[in-house]
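Geometric and topological summary
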Protein chains: 2
Amino acid sequence: MAQRTRRSGGRSGRQQSDLSTVRNTSHYRRLRNPFGPIEILSADEVEAIHQASLTILEEIGIKVLHAAARGVYQRAGALVDPETHIVRIGGDLIETFMASVPPTVSLHCRNLERSLELGGRNIAVAAVGGPPNVSDRERGRRPGTGKDFRDLVRMAQSFDIVHLLSPSVEPLDVELRFRHLEVTRAQSVLSDKFPFVFARGVGQTADALEIVRIAQQASPEDFASEARCYTVINANSPLQLDVPMCQGIIDFANAGQLMVLTPFTLAGAMAPVTIAGALAQQNAEALAGLCLSQMVNPGAPVCYGGFTSNVDMKSGAPAFGTPEYVKAALASGQLCRRYNVPYRSSNVNASNTPDAQAAYESQMAIWSTLMGGCNLLMHGAGWLEGGLTASFEKFVMDVDMLQMMAEVFTGLPVDTKELALDAIREVGQGGHFFGAAHTLDRYSSAFYEPIVSDWRNYETWDEAGRPDAYERAHSVYKQTLEAFEPPPIEQAVLEEIDSFVERRTAEGGALPES
Amino acid sequence: MAQRTRRSGGRSGRQQSDLSTVRNTSHYRRLRNPFGPIEILSADEVEAIHQASLTILEEIGIKVLHAAARGVYQRAGALVDPETHIVRIGGDLIETFMASVPPTVSLHCRNLERSLELGGRNIAVAAVGGPPNVSDRERGRRPGTGKDFRDLVRMAQSFDIVHLLSPSVEPLDVELRFRHLEVTRAQSVLSDKFPFVFARGVGQTADALEIVRIAQQASPEDFASEARCYTVINANSPLQLDVPMCQGIIDFANAGQLMVLTPFTLAGAMAPVTIAGALAQQNAEALAGLCLSQMVNPGAPVCYGGFTSNVDMKSGAPAFGTPEYVKAALASGQLCRRYNVPYRSSNVNASNTPDAQAAYESQMAIWSTLMGGCNLLMHGAGWLEGGLTASFEKFVMDVDMLQMMAEVFTGLPVDTKELALDAIREVGQGGHFFGAAHTLDRYSSAFYEPIVSDWRNYETWDEAGRPDAYERAHSVYKQTLEAFEPPPIEQAVLEEIDSFVERRTAEGGALPES
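Analysis parameters
- Residues numbered from 1 in each chain as written.
- Chains lettered and ligands numbered in written order.
- Predicted model: local features only at pLDDT ≥ 70, side-chain atom pairs only at ≥ 80, totals over all residues.
- Heavy atoms only, no water.
- Core = buried A, V, L, I, M, F, W, Y, C linked by side-chain atoms within 4.5 Å.
- Buried < 20%, exposed > 50% of the residue type's maximum accessible area, 1.4 Å probe, protein only.
- Contact = heavy atoms within 4.5 Å.
- Buried area = accessible area lost by both parts, 1.4 Å probe.
- Salt bridge = Lys/Arg side-chain N within 4 Å of Asp/Glu carboxyl O.
- Polar contact = N/O pair within 3.5 Å; in protein donor to acceptor, adjacent residues only side chain to side chain.
- Helix = DSSP H or I, 4+ residues; strand = E, 2+ residues; numbered from the N terminus.
- Expected span 1.5 Å × (residues − 1).
- Pairing = 2+ DSSP bridges.
- Least-squares fit on C-alpha atoms with pLDDT ≥ 70 in both.
- pLDDT = per-residue confidence, 0-100.
- Axes fitted to C-alpha atoms, helices over the stretch in contact; angles between N-to-C directions.
- Phe/Tyr/Trp six-rings, centres within 6.5 Å; stacked < 30°, edge-to-face > 60°.
- Lys NZ or Arg CZ within 6 Å of the ring centre and 35° of its normal.

Digging into the nonpolar core
Membership of the largest hydrophobic core comes to 304 residues, with the highest contact counts inside it found for Tyr73 and Phe395 of chain A together with Tyr73 and Phe395 of chain B. If sequence neighbours within four positions are ignored, Phe395 of chain A has contacts with Ala127, Leu152, Met155, Ala156, Phe159, Val162, Ala381 and Gly382 of chain A.

Considerations on the interface of chain A and chain B
Taken residue by residue, the interface counts 118 residues in chain A and 118 residues in chain B. Buried surface at the junction of chain A and chain B, both sides included, amounts to about 9,700 Å², of which 71% is carbon and sulfur. Joining chain A to chain B, the criterion identifies eight salt bridges. Salt-bridge contacts for Asp355 of chain A lead to Arg472 of chain B; the nearest nitrogen and oxygen are separated by 3.9 Å. Scanning the region where chain A abuts chain B turns up 38 residue pairs in polar contact (both at pLDDT 80 or more).

Describing helix H6 (residues 146–158) of chain B
Residues and elements named next belong to chain B. Given a rise of 1.5 Å per residue, 13 residues ought to cover 18 Å, and the 18 Å separating the end C-alpha atoms of H6 matches this to within 8%. The buried count for H6 comes to 10 of 13 residues, which makes it a mostly enclosed element. When we look at burial in H6, the residues that qualify are Gly146, Asp148, Phe149, Asp151, Leu152, Val153, Met155, Ala156, Gln157 and Ser158.

Re the environment of Glu485 of chain B
Position of Glu485 of chain B relative to the elements: it lies in the loop between helix H19 (469–483) and helix H20 (491–506). Spatially, the C-alpha atoms of Glu485 of chain B and Leu190 of chain B are 8.3 Å apart, while their sequence positions differ by 295 residues.

Details of the pairing of strand S9 (residues 140–143) of chain A
Pairing of strand S8 (residues 133–136) of chain A with S9 of chain A involves four bridges; the strand directions are antiparallel. Across the sheet, the residue bridging to Asn133 of chain A is Pro143 of chain A, located in S9 of chain A.

Notes on the relation of the copies chain A and chain B
Under the fitted operation, chain A is carried onto chain B by 0.0 Å of movement along the axis and a turn of 180 degrees, and the coordinates agree to an RMSD of 0.0 Å. The superposition of one copy onto the other is thereby described by a two-fold rotation axis. Closest approach to the rotation axis among the C-alpha atoms of chain A is made by Ala356 of chain A, whose C-alpha sits 2.0 Å away. A share of 100% of interface residues in chain A that are also interface residues in chain B marks the association as one of identical surfaces.

So, unusual backbone geometry
Phi is mostly negative for residues that are not glycine, and the peptide bonds are mostly trans. Put simply, Ser237 of chain A and Pro238 of chain A share a cis peptide bond, and its omega is 0 degrees. Tracing the backbone through its elements, the reader meets Pro238 of chain A in the loop between strand S10 (230–233) and strand S11 (240–241). Of note, the phi angle at Ala420 of chain B is positive, near 60 degrees, even though the residue is not glycine. As for its placement among the helices and strands, Ala420 of chain B is situated in the loop between helix H15 (416–419) and helix H16 (421–427). Ala420 of chain B gets classed as buried once you look at its relative accessible area, which sits at 3%.

Quick look at the confidence of the model for chain A
Residues and elements named next belong to chain A. Per-residue confidence for chain A gives a mean pLDDT of 94; residues scoring 70 or more make up 95%. Taken as a whole, residues 1–24 scores under 50 in pLDDT and shows 55 contacts with residues more than four places along the chain or in a different chain. For this predicted complex, the interface score ipTM comes out at 0.95, while the overall pTM is 0.95.

Quick look at the sheet that holds strand S1 (residues 31–32) of chain B
Residues and elements named next belong to chain B. With mixed pairing, the seven strands of this open sheet are ordered in space as S1-S7-S18-S17-S14-S12-S10. Of all strands in the sheet, those with a lone pairing partner are S1 and strand S10 (230–233), marking the two edges. Bridging between strand S12 (residues 258–261) and strand S14 (residues 302–305) involves three bridges; their strand directions are parallel. In the sheet register, Leu261 faces S14, and the bridge partner there is Tyr304. Docked against the sheet, helix H11 (residues 275–296) engages S12 and S14, running at close to 170 degrees with respect to S14.

With respect to the environment of Leu494 of chain B
All names here are of chain B. Relative to the helices and strands, Leu494 resides in helix H20. Residue Leu494 is classed as buried on the basis of its relative accessible area of 18%. Apart from the residues within four sequence positions on either side, Leu494 is in contact with Arg185, Val189 and Ile489.

Here's the deal with the pattern of salt bridges
Counted under the stated rule, the structure contains 64 salt bridges over all chains. Between Glu449 of chain A and Lys314 of chain B there is a salt bridge, and its shortest N-O distance comes to 3.3 Å. Here the residue Glu449 of chain A occupies a position in the loop between helix H17 (437–440) and helix H18 (458–463), and Lys314 of chain B occupies one in the loop between strand S15 (309–311) and strand S16 (318–319), the pair thus bridging two chains. The partly exposed category is assigned to Lys314 of chain B, whose relative accessible area is 41%. Linked through salt bridges whose partners overlap, the residues forming this network are Arg29, Glu113, Arg114, Asp160 and Asp192 of chain A.

Remarks on helix H14 (residues 392–408) of chain A
For H14 of chain A, built from 17 residues, the straight-helix expectation of 24 Å at 1.5 Å per residue is met to within 8% by its first-to-last C-alpha distance of 25 Å. Of all 17 residues in H14 of chain A, 17 are buried, a share of seventy percent or more.

Notes on the packing of aromatic side chains
In this structure the tally under the stated criterion is 21 aromatic pairs over all chains. Arranged with centres 5.9 Å apart and planes meeting at 25 degrees, the rings of Phe194 of chain A and Tyr230 of chain A form a pair that is stacked. A residue pair is termed long-range when its members are at least 10 positions apart, and Phe194 of chain A in the loop between helix H7 (176–190) and helix H8 (202–216) and Tyr230 of chain A in strand S10 qualify at 36 residues. Residue Tyr230 of chain A is classed as buried on the basis of its relative accessible area of 0%. Centroid distance Phe196 of chain B to Phe198 of chain B: 5.1 Å. Interplanar angle 90 degrees. Geometry classified as edge-to-face. In this structure Phe196 of chain B comes out as buried when scored by relative accessible area, which is 4%. Geometry around Tyr470 of chain A places Arg137 of chain A over its ring, the cationic atom sitting 5.7 Å from the centre. Between the NZ or CZ atom of Arg200 of chain A and the centre of the ring of Phe198 of chain A, over which it lies, the distance is 3.7 Å.

Digging into the pairing of strand S18 (residues 376–381) of chain B
Residue and element names in this part refer to chain B. When you tally the buried positions in S18, you get six out of six residues, the bulk of the element. Bridge analysis of strand S17 (residues 343–346) against S18 gives three bridges, and the strand direction is parallel. Considered in S18, the bridge of Ser345 is made with Leu377.

Structure (structure tokens):
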């Protein structure tokens, strides 16, 4: 088992402990899943879903609202209806273009120690992305601001189990035309992890990629040669790709940056009520989008996103971390392995507060996605309320849950020392191991020490005011932000970023396109 | 997918819905795990742990405090030290006696529709067992009483996902000499599920078995021919079997009733700090106890219990649902398959309240034990605070978590109807599936409908007073008890039970022995 750095202080010192050591758990920087994936489908069933999605693409087709994208499809050999804008793609084309998808992608960070590999048995975790709201126990739920965005970047930077940044909350107080500048600058300055760029039109994308390029001090050629940031494109399910989505696929393919294509296939709403049907549709949409990127730039780095879940059929409300989500997550992993493409899934829940429901739905997602072969776990930390809120406390709980999985992935070494027959002999019948040499040699690093879980006995916990996990996670989040120090950045680089942002701001920024 | 009975009412009607339909989910009565187990050890590593445990039994030995049990071991060929009471058992003896352990056991209930099979790919769930305390949101934590015991039997009877009864809480208000009569009568009268009997001495065991026999109206011969109740024997780790434990093993083997042998190997305390070492010791203790039963009565029904977890090394407090627990649970399943013996594990957590920690630690346990091949999940519903408290609300949350796993186990059917190409064609690009015939035919039973999870949007939930999962579970528990009706029992059988209990009460009951 690898050498670990543990937090000091322990139980009694938990509230006062130095959180800097939490961040220094460098064995969380690169996660590898040693387990064979849990599979829910036979090989024939995987093939049946694949064939159904080819039938969808060939016979029903996908509506493409972006003229240039339709041109790309047409030039590659797809049938484009000029009136309905429906694109029909033959199975042979799909197989050809999927063959150029790289099975693994190097994710290059400005701090090379943060760089990592996407795909294979590797697991990377991204923080929560996309919510309009933010919440914490002190101030409740409120619309996201630039300060909240920066605080969530600080949270993501503080825990090594989080590998990728994300559009953690929408900074609604920042004018739309400047928002992309604000969030890309914040990621580049407050963190040295892999940044996210929203594909919201040519102008915004170009600005954001330029900030990332400056932060990483890459030449334009170097920049194009390796993934240095990523975006997520959600299809408008069912079977539609709108203008900014297509533009994003094209821009990211041309820039050689990572594009995660994730259909939003909620079974019973935007997809069939049966999971097999929802997966066939998810797969058709994913293949269409991934192939568009490969038609633009063969070998462009991409990732297959599975997000199939179900709705509450009584209300239409989306549900997450359900049994149906588990099934879809396991099956999506099998589809990705069928295509040898990195697999993105998510740590989701539909709870309105970081309670038991939030935790058990998240665990349904974490176990099924990671044990199903997920390579990129989006919304890894901080997602609440079906993605409508970024929760600081849920962020901390998720870190604890994910660190526990990382520990499970270290495996169970079996050798003479670990089998401990000498210790068992020394202690004998009816004794205890607290004082055994074998124990004393290992006790400080033998077990995972959680950051939220409270293992005090009831009486001590009662005297301490009965803090539940929500309250304890709140303390950890406050301490984490208090202790935060941004990673080093050269003054000249900082000035170059700021001068670019100032210039683009003076020029009026860029509006999103749709 | 099997026909399901769903609760009516849905989201808006959740608080008022008729819970009787919750209990009528007959597809939860028999659970089968369709997944291949997650394995953390290679075959060689399993063998290394097995060999280490044989070395422990041959060279270090196990201390047996019960004279008759030592006699059994000696007659079977083990070496017994008359002074130290240490028994050394050769590997050949272990292999011989483990060979007579039945790989599956029929669990016979007084309602034959409740009978089930233990072992193989079958999963059976038992309610929480053993806590001295009980808690609910209204009255807090308090010492258990006879009424609490009966209420927990009612809870266990009310949900089909719970298959076995348990010593759900210690009824501390019932005099010790009568307690076994009280709890066995309560299980026999308020439930028709598989009952638990504490092995606390010859007299108590005989009384309890007799009540079970009467309730099942079995002749003494029929009673001995099939498992009609079960007990759990925990070794005094490390490497010690005390008097009542040995007596229980012998009594249950002679009676042909199910005995679950579970060493209590907390790594770092009663077992080595390394998980491999703790497993070697667990395995040695389990093999010693299981073989004792087979020496007494070859073919007696038994189950191998894995309970290895770790302690908080700062305080010595037991920890549950940890990464170390997960590793041990996965490995224990592999050991059980090595011996072809049913595998018991547990749904555990160390939280003091049914919060996010309780849920995520439980999910660590549920996923690892069930996906690790567990056949009998003890403490399946209601365990809190490391087993010191039976929580009514946690009971309900656990039911929801376990029902979700049962749904996952139904698999993901893939055929023409499920692939839904006609529906995808009908809805077309950019539409929605709410009104599709394919959806309308299936919507009422398509998805799992939870009993605790709240999927209302934030605004509706806010107006409803922001109930968290703890509060909602409280409502479900209160409604469940209000709606409870005991299963039918013939008047003559009831009278026979009562007359036996009255006679034994008049005779002074029986004290536990130790």
